[in-house]
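# An overview of the molecular structure
Chain residues, written in single-letter form:
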Amino acid sequence: MEKDTVTIKVNSTGKQADFPLLKGTHGNPAVEISSLNKELGIFTYDPGFMATASCKSSITYIDGENGILLYRGYPIDQLAKNSSFLEVAYLLMNGDLPSRQELGAFVNEINQHAMLHEALRGFFDGFHYDAHPMAMMVGVVGSLSAFYHSELDMNDPEHRRISAMRMLAKIPTIAAASYRHSVGWPYVYPRQDLEYCENFLNMMFSLPSQKYIDEAHYIDPAAVKALNLLFILHADHEQNASTSTVRLASSTGANPYACIAAGISALWGPAHGGANEAVLSMLDEIGSADNIPKFIAKAKDKNDPFRLMGFGHRVYKNFDPRATIIRETCHEILEKFSSDDEPLFELALALEEYALKDEYFIEKKLYPNVDFYSGIIYKALKIPVDMFTVMFVIARTAGWVSHWLEMMAEPTHRIGRPRQIYTGLSARDYVEIAERK
Ligand code: ACO
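A brief structural summary. (Residues numbered from 1 in each chain as written. Predicted model: local features only at pLDDT ≥ 70, side-chain atom pairs only at ≥ 80, totals over all residues. Heavy atoms only, no water.)

### As for the pattern of salt bridges
- In the structure shown here, the tally under the stated rule is 13 salt bridges.
- Between Asp358 and Lys300 there is a salt bridge whose closest N-O contact spans 2.9 Å. Here Asp358, found in the loop between helix H15 (342-357) and helix H16 (359-363), pairs with Lys300, found in helix H13 (residues 292-300); they are 58 residues apart in sequence, far enough to count as distant.
- Salt bridges linked by common partners bring Glu109, Glu158 and Arg161 together as one network. (Salt bridge = Lys/Arg side-chain N within 4 Å of Asp/Glu carboxyl O. Helix = DSSP H or I, 4+ residues; strand = E, 2+ residues; numbered from the N terminus.)

Below is the structure:
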C-alpha cells in the first residue's frame, strides 16, 4: 500500500515538499515534519501543542470526542470496576495485566522499597511548619537521587526498573510525611501487611498515642476502595503537561528522580493537578446556590480572569469518562462518610446542572472534568485540601514512571528542544552605562 503523505507548499517561494503521514493503531494521523526546516527553511508554530504529537507511545489512548480512555487497551471503566491501583500500575509499566504470581512479586517489591532513608526523613525538618506539601514533594522527591548513586545507570534496564519501583513505592511515604510535618505529628513507617492505599491511610492518620483505637477507624474499606478508584482514574493520561515535562526533562538524560520532581512541579498548577484544590476553594467562594448565576456570568466575562474550576479539558470535548465514573462514587462516599459535606456536594451538583444548560458552556463544549468531583471525595475522606494535588501525584507517578521507562527503552531518543518565532530586536551595539539614557 502506498504510504500517505502531506504536501506543504510555501506560497512566497513556490518551494514544496512531501512529508510522511504517520498512523498509530487509533486516533488521528500526524504529519512527520522533522525535515521541514531542512527542506523548506520553515518551522511549525503551535503554542500549547494544540495539534502536535510529541512522541509515539503505546501506554494510553484517549478519544476526546467520544469520551474513551484506554490503559494498554483496557477501558478505564473496566479497570475502575475490577482492578486495584497497584495492578493498574503494573499494567501501565509492563504492558499487560499481571498473573497472580507476577502481581504478588510486584506488590512485595513495592513493600520492600516503601521505607525512606532516615537521612531523607530528616529533610522534612528543614521545612517551615506551614510549607505547602507540594513544595515538600518537589524538594524531597528531587533529593532521592542523592541516595541511589549506585543504581543510576540509565542504560541499564535493571537500574531503570528499580528506579521506577522505588519511585512508586516511596511516593505515598513521602506524601504522608509531608502532611505529618505540616501538623507536627510523628512520621509513621510504612507497613508491609497493609495494601497500598490502606498503608497510605495508616501513614496519614494513625497516632502512636492512640494504639487503642481500632485501625478500622482510619482504614475503612470504603475509603480504601475510593482511594484505589481515584488513583486508577488519575494514573495516566498520555501526554498531559506533567507527563510531557517528565519526558522533556528525561530527554536530557537527567536522573529519574529529578525528572519526576519536574513532573510534580508541572502538576502543581491550577490548570492541571491543582484544579481539585481550586474546585473546593471556588465552591467555598460561591457559598450557596443563589450565587451560581453571578459566578457563571464571571466565568463567561472575557474581562474577568475567573474560570469555572473543574470544567473544560484540552482533549475531552464531550464528556470526561473519569468524571462519569467518579460522580457515582461521590454519592456513595458522601452517604457513608459525611453529612457535613452534603451541602457542598449539593452546591457542586447545582453548579454542574446550571453550567451544562448554559449556552456558553454548551457551545464551547465545557463539561465537568475528573477534578470537579475528586476534591469533594477527598474532603469527605478527611484528606486536607492542600493535600489534594499530592494525592494526584501519588496516582500519576504510575503514569510518569511508565512513560519514562517507555522513553528510556527506545534505542534512540533526542533531547527535546523546540524552536521559536523570535519577536525581539535586531542586533544592536552595546552602550556604555554612562551613555545610556
Ligand atoms: N471556565 C470558563 N471558560 C472556560 C473554561 C472554564 N473552566 N475553560 C475554558 N474556557 C473557555 C476559554 O475562555 C476559551 O474561550 P474563548 O475561545 O472564547 O477564548 C475556550 O473556553 C477554550 O479554552 P482554552 O483555555 O483555550 O482551552 P484549553 O484546552 O487550552 O484549556 C483547560 C483546557 C486548561 C482545562 C481549561 O478548560 C481550564 O482552565 N479549566 C479550568 C481548570 C481545570 O479544571 N483544570 C483541570 C484539567 S483536568 C486535569 O488536569 C486532570
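### Considering the pairing of strand E4 (residues 60-63)
- As paired elements, E4 and strand E5 (residues 68-71) share four bridges and run antiparallel to each other. Looking at E5, one finds that Asp63 is bridged to Ile68.
- If you look at the hairpin formed by E4 and E5, you'll find four residues sitting between the two strands, and Gly67 has a positive phi there, around 65°. (Pairing = 2+ DSSP bridges.)

### Details of empty space enclosed by the protein
- All told, the structure shown has four cavities of 30 Å³ or more when counted by the stated rule.
- By volume, the largest cavity is sized at about 80 Å³.
- Along the walls of the largest cavity sit Met115, Leu116, Arg121, Thr173, Ala176, Ala177, Arg180, Tyr187, Val188, Tyr189, Pro190 and Met203, which together make up its complete lining.
- For the lining of the largest cavity, the element with the most residues is helix H7 (residues 157-183), which contributes four residues.
- Residue composition of the lining of the largest cavity, by class: nine nonpolar, one polar and two charged.
- Looking at the second largest cavity, its volume works out to about 70 Å³. (1 Å grid on protein atoms, 1.4 Å probe; cavity = no way out; pocket = protein on both sides within 12 Å on 5 of 7 lines; lining within 4 Å. Points joined across faces, edges and corners; volume = space filled by probe spheres on them. Nonpolar A, V, L, I, M, F, W, Y, C, P; charged D, E, K, R; others polar.)

### Examining unusual backbone geometry
- For Phe49, which is not glycine, the phi dihedral falls at a positive 50°.
- Tracing the chain through its elements places Phe49 in the loop between helix H1 (36-40) and E4.
- When its relative accessible area of 55% is taken as the criterion, Phe49 is described as exposed.
- For Glu238, which is not glycine, the phi torsion reads 40° and is therefore positive. (Buried < 20%, exposed > 50% of the residue type's maximum accessible area, 1.4 Å probe, protein only.)

### Focus on the side chain of His403
- Mapped onto the elements of the fold, His403 is located in helix H18 (residues 388-409).
- Within the structure, the side chain of His403 is placed 3.0 Å from the side chain of Asp236, a separation counted as a polar contact.
- Other than its neighbours up to four places away in sequence, His403 contacts Ser57, Ile59, Asp236, Glu238, Gln239, Thr243 and Arg247. (Polar contact = N/O pair within 3.5 Å; in protein donor to acceptor, adjacent residues only side chain to side chain. Contact = heavy atoms within 4.5 Å.)

### Considerations on the sheet that holds E4
- Strand order in this open sheet of three strands is E4-E5-E6, and the pairing throughout is antiparallel. Two strands lie at the open edges of the sheet, namely E4 and strand E6 (74-75), each paired on one side alone.

### Some thoughts on the layout of surface pockets
- There is about 510 Å³ of room inside the second largest pocket.
- No other element matches the three residues that helix H8 (residues 196-205) contributes to the lining of the second largest pocket.
- When grouped by side-chain class, the residues that make up the lining of the second largest pocket number 15 nonpolar, four polar and four charged.

### Quick notes on the side chain of Glu87
- Mapped onto the elements of the fold, Glu87 is located in helix H3 (residues 85-94).
- Arg100 is the oppositely charged side chain nearest to the buried, salt-bridge-free Glu87, at an N-O distance of 8.7 Å. (Lys, Arg positive; Asp, Glu negative; His and termini not counted.)

### Considering the site of the ligand
- The full set close to the ligand counts 22 residues, and Arg307, Leu308, Gly310, Arg314 and Lys364 are the nearest of them.
- Backbone polar atom of Leu308 to a nitrogen atom of the ligand: 2.7 Å apart, as the coordinates give it.
- Computed on the free molecule, the ligand has an accessible area of 920 Å², of which 76% lies beneath the protein chains in the complex. (Near = heavy atom within 4 Å. Areas by Shrake-Rupley, 256 points an atom, 1.4 Å probe, with all protein chains shown as cover.)

### Quick notes on the packing of helix H12 (residues 275-286) against H15
- Between H12 and H15, the shortest axis-to-axis distance is 10 Å and the interhelical angle comes to 90°. If you check the angle between H12 and H15, you find them roughly perpendicular. Contacts from Leu280, Met282, Leu283, Asp284 and Ile286 of H12 reach H15 at Leu344, Leu347, Ala348 and Leu351. (Axes fitted to C-alpha atoms, helices over the stretch in contact; angles between N-to-C directions. Parallel < 35°, antiparallel > 145°, perpendicular 65-115°, else oblique.)

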